[in-house]
Amino acid sequence: MHLKIITHEKVVFDDNVDEIYTKGTDGEFGVLKNHVPLMASLDIGVTKVVKDGHDKYFTTMGGVFQFKDNEALILTNTAECSDDIDVTRAKAALERAQARLAEADAALDAKRAEAAVARAMARLKATFNK
Ligand code: ATP
């Protein structure tokens, strides 16, 4: 089967794969060849792709997963291959967002801070073996 991961800015991945595991808003799920047609909304998380026994990890930050006729498409706000993730930057972003949440300021946009935490944690999870 084939997978494309596309953001507003670029095609992050475009190749044949054997297995796909990703994080939908209703939970994590996996897709193998000949899966029935599927459409799901994506959460902020990690997408794992297996090809010839090798794993590849990507962050996928919301959007849509579509599967039909062995063609998988991920349309997402932001995606990075684990090789391209700056771990130091993700750690700093996580600390910043957690500090903001801890402020308990009435003017705090908690949803925004929580999303920033989720993005940073997804980046760190995708790079766990770096
Ligand atoms: P930061 O506060 O570090 O900018 P962020 O979660 O606010 O993190 P985003 O708005 O999700 O960043 O992303 C902005 C752009 O920066 C995107 O192109 C994204 O791919 C890139 N980016 C963000 N964090 C990293 C990282 N740790 N490593 C590599 N690219 C990153």
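Above this text sits the structure in question.
Rules used in this analysis
- Along each chain, the written sequence defines residue order, and numbers are assigned to residues from 1.
- Restriction of local features to residues with pLDDT of at least 70 applies here, the model being predicted, together with a cutoff of 80 or more for giving and counting side-chain atom pairs; totals for whole chains, interfaces and linings are based on all residues.
- Calculation of side-chain values draws on the structure's entire complement of heavy atoms; hydrogens and water are dropped beforehand.
- We call a residue near a molecule or strand whenever a single non-hydrogen atom of that residue lies within 4 Å of it.
- Throughout this description, a polar contact denotes any pair of N or O atoms lying within 3.5 Å of each other; where both atoms belong to protein, one of them has to be capable of donating a hydrogen while the other can accept it, and for residues adjacent in sequence the pair is counted only when both atoms sit in side chains.
- We place a 1 Å grid over just the protein atoms. Points where a 1.4 Å probe fits but has no way out form a cavity, open points with protein on both sides within 12 Å along at least 5 of 7 lines form a pocket, and any residue with an atom within 4 Å of a point lines it.
- The way we define it, a molecule is inside a pocket or cavity when more than half of its atoms are within 2 Å of that pocket's grid points.
- Strands are runs of DSSP state E lasting at least two residues, helices are runs of H or I lasting at least four, and both sets are numbered from the N terminus onward.
- Here the nonpolar group is Ala, Val, Leu, Ile, Met, Phe, Trp, Tyr, Cys and Pro; Asp, Glu, Lys and Arg are the charged ones; every other residue, Gly included, is treated as polar.
- When two rings of Phe, Tyr or Trp (its six-membered ring) have centres within 6.5 Å they constitute a pair, described as stacked for plane angles under 30 degrees, edge-to-face for angles over 60, and tilted for the intermediate range.
- Buried means the residue's accessible area, taken with a 1.4 Å probe over protein chains only, is under 20% of the maximum for its type, while exposed means over 50%, and partly exposed covers the values in between.
- For helices, the fitted line uses only the C-alpha atoms of the stretch in contact; every axis is such a line through C-alpha atoms, and the angle between N-to-C directions lies from 0 to 180 degrees.
- Angle categories are assigned with fixed cut-offs, so that under 35 degrees is roughly parallel, over 145 is roughly antiparallel, 65 to 115 is roughly perpendicular, and the rest are oblique.
- Crossing handedness is defined as follows: a turn of the near helix away from the far one that is anticlockwise and smaller than a right angle gives a left-handed crossing, while the clockwise case is right-handed.
- We call two residues in contact when some of their heavy atoms are within 4.5 Å.

## Section: the site of the ligand
Reasoning step 1: For the ligand, the full set of nearby residues is T78, E80, D84, I85, D86, R89, A90, A93, R96, R119 and R123.
Reasoning step 2: Here an oxygen atom of the ligand and a side-chain polar atom of R89 are 2.9 Å apart.
Reasoning step 3: In this structure, an oxygen atom belonging to the ligand sits 2.6 Å away from a side-chain N or O atom of R119.
Reasoning step 4: More than half of the atoms of the ligand fall within 2 Å of the grid points belonging to the largest pocket.
Reasoning step 5: Elements represented by at least two residues in the shell around the ligand include exactly α1 (87–102) and α2 (110–126).
Reasoning step 6: Here the shell around the ligand takes four residues from α1, the largest share from any one element.
Reasoning step 7: Along the lines of polarity and charge, the residues of the shell around the ligand split into three nonpolar, one polar and seven charged.

## Observations regarding the packing of aromatic side chains
Geometrically, a pair of aromatic rings is defined through the distance of the ring centres and the angle of the planes.
Reasoning step 1: All told, the structure shown has three aromatic pairs when counted by the stated rule.
Reasoning step 2: Aromatic side chains F29 and F65 sit 5.3 Å apart centroid to centroid with 75° between the ring planes, which places their arrangement in the edge-to-face category. Remark: F65 occurs in strand β6 (residues 54–68) and F29 occurs in strand β4 (residues 27–32); sequence separation between them is 36 residues.
Reasoning step 3: Judged by relative accessible area, which is 0%, F65 ranks as buried.

## As for the packing of α1 against α2
Reasoning step 1: One way to put it is that α1 packs onto α2 with a least axis distance of 8 Å and a crossing angle of 150°. The pairing of α1 with α2 is recorded here as roughly antiparallel in orientation. Crossing hand, α1 versus α2: left-handed. Of the residues in α2, those touching α1 at V87, A90, K91, A93, L94, A97, Q98, R100 and L101 are A110, A113, E114, A116, V117, A120, M121, R123 and L124.
Reasoning step 2: Among the residues making up the contact of α1 with α2, the classes are represented as 13 nonpolar, one polar and four charged.

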